[in-house]
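A structural walkthrough
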Amino acid sequence: MSFRCGIGYDLHRLAEGRKLIIGGIEVPFDKGPVGHSDGDVVAHALCDALLGAAGLGDIGTHFPDSDPKWKGANSLLFLEHARKLLDEKQFRIAHMDVVVILERPKLGPHFPKMRAALAKSLGVATDKIHLKAKTNEGVDAVGRGEAIACHAVATVSQHL
Ligand SMILES: [Zn+2]
């Protein structure tokens, strides 16, 4: 059995009139991410981290934003698909760690629901998903509340 690690990063601009979807759930707020799909930075960064760990390309390869099929898509579908790709190559998810960078609102109270939604899509126990939130200390676009960003690291084991 061998272990491999992958990294993922995502950023979306925030605009009024969009739903704030993070980690597969809607967080009440007056702005949300602009994107072809629902703009879920956690799902997108996690998807890239998992695909990266398995050496299977990136989210843009599998879900091109030129494809109308993914317009407004629930990004948990991307995770479900990534999980299938990993299964085919005998990869199992060992652990995932995520940092969401957002000035407002506070995300901590929403983490249990996010972990449950992400764990369900990926077919893993909730304790394999760790979520953390940071502000950007008022600096740059994220700090001005104009964008949301996310970093994710995934560790997978391969059973061949
Ligand atoms: Zn994205």
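A few points on the structure. (Residues numbered from 1 in each chain as written. Predicted model: local features only at pLDDT ≥ 70, side-chain atom pairs only at ≥ 80, totals over all residues. Heavy atoms only, no water.)

Some thoughts on the environment of A147
Along the polypeptide, A147 turns up in strand 7 (residues 147–158). The class for A147 is buried, based on a relative accessible area of 3%. With 134 residues separating them in the primary sequence, A147 and R13 have C-alpha atoms 4.2 Å apart. Each residue touching A147, except ones within four places of it in the same chain, is listed here: L11, H12, R13, L14, L102, A141 and V142. (Helix = DSSP H or I, 4+ residues; strand = E, 2+ residues; numbered from the N terminus. Buried < 20%, exposed > 50% of the residue type's maximum accessible area, 1.4 Å probe, protein only. Contact = heavy atoms within 4.5 Å.)

Digging into the pairing of strand 7
Where burial is concerned, most of strand 7 is hidden: nine out of the twelve residues are buried. Taken together, the twelve bridges between strand 1 (residues 2–16) and strand 7 define a ladder with antiparallel strand orientation. In the sheet register, R4 faces strand 7, and the bridge partner there is V156. Relative to strand 7, strand 5 (residues 91–101) is paired through ten bridges, and the arrangement is antiparallel. Its bridge partner lying in strand 7, F91 is registered against Q158. (Pairing = 2+ DSSP bridges.)

Quick word on the packing of helix 1 (residues 41–54) against helix 3 (residues 76–88)
It is at 9 Å that the axes of helix 1 and helix 3 come closest, and there the two elements cross at 10 degrees. Judged by the angle between their axes, helix 1 and helix 3 are roughly parallel. For the pair formed by helix 1 and helix 3, the contact residues are A43, H44, L46, C47, L50, L51 and A54 on the first element and F78, L79, A82, L85 and L86 on the second. Looking at the contact of helix 1 with helix 3 residue by residue, the classes come out as eleven nonpolar, one polar and no charged. (Axes fitted to C-alpha atoms, helices over the stretch in contact; angles between N-to-C directions. Parallel < 35°, antiparallel > 145°, perpendicular 65-115°, else oblique. Nonpolar A, V, L, I, M, F, W, Y, C, P; charged D, E, K, R; others polar.)

Remarks on the pairing of strand 1
Each regular strand displays side chains that alternate between the two surfaces of the sheet. Pairing between strand 1 and strand 4 (residues 31–33): three bridges, direction antiparallel. Within strand 4, the position partnered with E16 by the bridge is K31.

Quick word on helix 3
Taking 1.5 Å as the rise per residue, helix 3 with 13 residues should run 18 Å; its terminal C-alpha atoms sit 19 Å apart, in good agreement. Of the residues making up helix 3, those classed as buried are L76, F78, L79, A82, L85 and L86. Those residues of helix 3 that are buried are in contact with helix 1, helix 2 (59–62), strand 5, helix 4 (111–122) and strand 7. Phi turns positive one or two residues past the end of helix 3, at Q90, with a value near 65 degrees. (Expected span 1.5 Å × (residues − 1).)

Examining the coordination of the zinc ion
Distances from the zinc ion to its protein donors, namely D10 (OD), H12 (NE2) and H44 (ND1), fall within the range 2.0 to 2.1 Å. Here the donor residues of the zinc ion share one chain and are spaced in sequence as D-x1-H-x31-H. You can see D10 sitting in strand 1 and its partner H44 sitting in helix 1, a full 34 residues away along the chain. Residue D10 is classed as buried on the basis of its relative accessible area of 14%. (Donors = N, O, S within 2.8 Å, 3.2 Å for Na, K, Ca; no water.)

Some details on unusual backbone geometry
The general pattern is negative phi for most residues beyond glycine and trans for most peptide bonds. Between R104 and the following residue, P105, the backbone shows a cis peptide bond with an omega angle of -10 degrees. Tracing the sequence through the fold places P105 in the loop between strand 5 and helix 4. The backbone of Q90 shows a phi angle near 65 degrees, a positive value even though the residue is not glycine. In this structure, Q90 sits in the loop between helix 3 and strand 5. With a relative accessible area of 39%, Q90 lands in the partly exposed category. Positive phi values are uncommon outside glycine, yet E137 reaches one of about 55 degrees. Position of E137 relative to the elements: it lies in the loop between strand 6 (129–134) and helix 5 (140–143).

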